[in-house]
Structures are given as structure tokens and as C-alpha cells.
Amino acid sequence: MGNKFFSALAGALSVMMVFPSCSEEPLPKAEMPILAWFSIPANHTTLKNYQDLVDCGFNINFSHIHSLPELKKALDTAEVAGVKMLAMCDELYEDTENTVREIMDHPALYGYFLNDEPNCNHFAEAREIADRIKSVDDKHFLYLNLFPNYASEEMLGCPYQEYVHRFIEEVGLPFVSFDFYAVTVEGIAQSWYDNLQVVADEAKAAGIPFWAFALSEAFEPYRETTPQTLRLQVYTDLAYGSQAIQYFTYWNSGEGLESPILDGRHTKTFDYVKSMNEEIQARAGVFLGSKVVELVHTGDSIPDNCKPLEAMPAHVKSLKTGSAGAIVSLLENGEWNYLVVVSRTLDEPLTLDVEFDEKACLVDREGNLVEVGKGLNSYSIEEGDAAIFRFKK
């Protein structure tokens, strides 16, 4: 994987060498859940296609499959390829208990798909299906995905924060998932940050994690997928505390211009997503199991309902970014703190000047830990990218 960004950083630092304590305590090994939404269709269930999915860096597959025999074939193929399946089929909803008994012991089963973007008036129905599944199998994951905050109140059935809160209370799943595709041809939707904060706050209050998305299929009005658009989405999700990354889509849905797989063949987006997934897993020890201590925004314009940077995070003596602004997230994970600074622009590099009051390490794209020089350090963060630092709590 290329490392152009951090090679540039190395030249900007006055001192750059391996930090002994970081070498002695590398990032913990972790595997981030990475889910392929709208994945390999039933009529394309082959070992080659599933091996390609694994090669692209996915460890959870969600194919829209409509019959139990086709689902069983997909589970068998997934097992050989080494990927888990989120299960759906018509029989799961029409004959729930018997269908669960048919597949619950399959080694490739990750969990069960309940619904996508329900109105809050349908939460009781989702809870009923979930309870029927759990009456037979209480060991596997139950999945439901929520609307973003730009859905109308008619679609939601109630105001957005109430919608998220009621889902947690009424459906009772062990996590929250929502989709929001923020990178449009007109720019980055600023309400995305408010949506992330609402979901993060509601999930934190309930003591459960949340999962977020990156768009990997280009269709109107969204911008063509690039490494920059993927990094901006993924690192923003992770900075807010997401404990999984989901991509819409893996296999072209029929409406988009390009996705990782289009007409059964790899596209350049496949390579972008593969590299992004390698990067996520190299840094998974930063994010998986982390807790957000503080999250603020910088820049000339602060998105609505977001907190501006007014005081330095712990162990940061000074921090400045350019006028375009950034997300500044302080994470706690084990005995370490992590400072994550994510660019909020795709138009130009972001200048970051930061100084710590104790020894710190930069976490590069391969998960290596490199000492940050004493005094003020200046960085040029590529469009949509992130700089990650580690230091003792």
C-alpha cells in the first residue's frame, strides 16, 4: 500500500525516529467488522466471487438472497472462502423459527437481517421478528439499519432523535446502525455531523455501539468514489466512535455508475476499497473498543449542532488547523489516548500544527508507531484524510 502522505509528514518533522515505548507496546491486534452491503447476488454465488470479496477486505457479507436453498448455498460458499454471512431470505420472515433452525449452526452465519430503514411505527414488527429469532437462537447477531436524518418526518414517523431513541428502547438490539451518504457533487453535507452526533449520543446513553457507512457506489447526486472520499467517510465515522464500517455497495445495485464489482468484474473502486480496508485493519487497534472522550470541530465555519474547539484536549499544548477546519476527536482505548484529526474538506490539503506536553507517537497507515518530535510539529493532511497520534492517558 502506498504511503505518500506519511512520507511527506516524515520530511516535515524536525525529529523522526522509532519511539522505544511504542515499539515495545505496538497497537493491539484487532479486527474491525467490515460489511459489504448489497453484495454477491444469489445467481453469482461462486467460490471465486466470494474469494474476491475476502481479498477486498470484507469479513461480513450481506447479499440480498430471497430463498432458503440459495442462502444455504451462499453460506456453504462463504465458509470455504472464509467470510461470515448476514442472512436474509423470504422464509426467515414467513416461517421464522423453522428457518432459523435450518441455519443457526452453520459456521459461516454471522447473524440475521431484520429490516432496512423502517418507519418508527414498524419497530414493534421488527421486535416481534427479533423475539421469534431469539426464541430459537439467542447467540447470533440481529441487524437492522436506520434512516439518516435527512429522511422526512413522514418517512421516520417522528422527529429524528426520538426515532433513534425509540429504536433502541423498542427493538432492543445490541447496536445501532444508520446510513448517511454525505459526499455529493455539491460538497459535503453538513447535517452528516449532526446525524453522527445524535446516533453516537443515543448509543452511548444506552451503553451500546453504533455502526456507520461509507458510500462506494457512484450515482446521482453523489460524487464519484475516490480514495479521498472513502477516507473522509471512514475516518469521520471512526472519529465519532463507529465500531464497524459498512459499504454501500459491493456489487453494483443497478442504479449506480460504478461500485467495486460492476457487471461481474473488478473496477478501480475495488482497488480503492481494498486499500481502504487494509488501512482500517492496520489501525483497528486504535478504534475497536475505543470510547470518545471529547469531540470538537475547528475552522471558520462549524457545522450546526457541533461543538467548536475552545480548550485543548488532554496532553495537547496547542492545535491549529486551516480555515477549512477539521474534526478533532480524543479517544480512550486501554491505557492509551488517541488524538484523531480528520480533514473536513476534499478541496485542498489541511495544515495541522500540533504540540503535545508529553511524548507522543504518530500512527501511520500501516499501524506503525513513530515518535513525534518535541516542540511544534506541522503536517499537511491530504484531502479527506486523518492524522492519528497516541500518548499515555
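You'll find the structure just up there.
Residues numbered from 1 in each chain as written. Predicted model: local features only at pLDDT ≥ 70, side-chain atom pairs only at ≥ 80, totals over all residues. Heavy atoms only, no water.

What follows is about the side chain of Asn195. With respect to the helices and strands, Asn195 occurs in helix α10 (residues 191–206). Residue Asn195 is classed as buried on the basis of its relative accessible area, which comes to 0%. Of the polar contacts made by the side chain of Asn195, one reaches the side chain of Tyr160; its length is 3.0 Å. Setting aside anything within four residues of it in sequence, one finds Asn195 in contact with Pro148, Asn149, Tyr160, Phe178 and Phe180. (Helix = DSSP H or I, 4+ residues; strand = E, 2+ residues; numbered from the N terminus. Buried < 20%, exposed > 50% of the residue type's maximum accessible area, 1.4 Å probe, protein only. Polar contact = N/O pair within 3.5 Å; in protein donor to acceptor, adjacent residues only side chain to side chain. Contact = heavy atoms within 4.5 Å.)

Here helix α11 (residues 227–239) contains 13 residues, and its C-alpha end-to-end distance of 18 Å stays within 8% of the 18 Å for a straight helix at 1.5 Å per residue. Burial within α11 is extensive, with eleven of its 13 residues counted as buried. Listed in full, the buried residues belonging to α11 are Thr229, Leu230, Arg231, Leu232, Gln233, Val234, Tyr235, Thr236, Asp237, Leu238 and Ala239. Positive backbone phi, approximately 110°, marks Gly241, located one or two places after α11. (Expected span 1.5 Å × (residues − 1).)

Let's shift gears to the nonpolar core. Membership of the largest hydrophobic core comes to 100 residues, with the highest contact counts inside it found for Tyr163, Val176, Phe210, Tyr247 and Tyr250. For this core, the element with the most residues is α10, which contributes seven residues. Counting residues in each nonpolar core, the second largest holds 20 residues, with Val328, Ala360, Tyr379 and Phe391 among its members. (Core = buried A, V, L, I, M, F, W, Y, C linked by side-chain atoms within 4.5 Å.)

Moving on to the sheet that holds strand β16 (residues 336–343). Sheet architecture is open: six strands sit in the order β13-β15-β16-β21-β18-β19, paired in antiparallel fashion. The strands lining the two open edges of the sheet, one partner per strand, are β13 (291–297) and β19 (369–371). Neighbouring strand axes in the sheet, compared pairwise and without regard to direction, differ in orientation by 25° on average. Bridging between β13 and strand β15 (residues 326–333) involves six bridges; their strand directions are antiparallel. Along β15, the bridge assignment pairs Val292 with Leu331. Relative to the sheet, α11 contacts β13, β15, β16 and β21 (386–392), its axis offset from that of β16 by approximately 140°. (Pairing = 2+ DSSP bridges. Axes fitted to C-alpha atoms, helices over the stretch in contact; angles between N-to-C directions.)

Glancing now at the packing of α10 against α11. One can describe the packing of α10 onto α11 by two numbers: an axis separation of 11 Å at closest approach and a directional angle of 30°. As α10 runs across α11, the sense of the crossing is right-handed. Between α10, through Trp192, Tyr193 and Leu196, and α11, the contact on the second element is made entirely by Leu232, Gln233, Thr236 and Asp237. (Left-handed = near helix turned anticlockwise from the far one by under 90°.)

Across the sheet, which stays open at both edges, the three strands sit in the order β14-β17-β20 with antiparallel pairing between neighbours. Edge positions in the sheet fall to β14 (316–321) and β20 (377–381), since each has one partner strand and no second. Between one strand and the next, the sheet's axes are offset by a mean angle of 20°, whatever the strand orientation. Pairing analysis gives five bridges linking β14 to strand β17 (residues 350–356), with the strands arranged antiparallel. Counterpart to Leu319 in the pairing with β17 is Val354.

Let's shift gears to the pairing of strand β10 (residues 245–248). The two faces of β10 match: Ile245 and Tyr247 on one face and Gln246 and Phe248 on the other face are all buried. Pairing of strand β9 (residues 210–215) with β10 involves four bridges; the strand directions are parallel. Looking across to β10, one finds that Phe213 is bridged to Gln246. Between the parallel elements β9 and β10, the chain passes through α11 in a crossover that is right-handed. (Right-handed = clockwise from strand over helix to strand, strands pointing away.)

So, about the pairing of β17. Most of β17 sits inside the fold, with five of its seven residues counted as buried. Summarising the sheet, β17 and β20 pair through five bridges and their orientation is antiparallel. Residue pairing across strands places Asp353 opposite Ser378, the latter belonging to β20.

Summarising the element assignment, Glu202 is placed in helix α10. Expressed as a C-alpha distance, the spacing of Glu202 and His165, which sit 37 residues apart in the sequence, is 6.3 Å. Not counting chain neighbours up to four residues away, the residues in contact with Glu202 comprise Gln161, Val164, His165 and Ile168.

A separate point is unusual backbone geometry. That bond from Glu220 to Pro221 is cis: its omega, 5°, falls within 30 degrees of zero. Residue placement: Pro221 occurs in the loop between β9 and α11. Note the cis peptide between Phe248 and Thr249, where omega equals 0°. The backbone of Phe38 shows a phi angle near 55°, a positive value even though the residue is not glycine. The topology assignment puts Phe38 in the loop between β1 (34–37) and α3 (47–55). In this structure Phe38 comes out as partly exposed when scored by relative accessible area, which is 24%.

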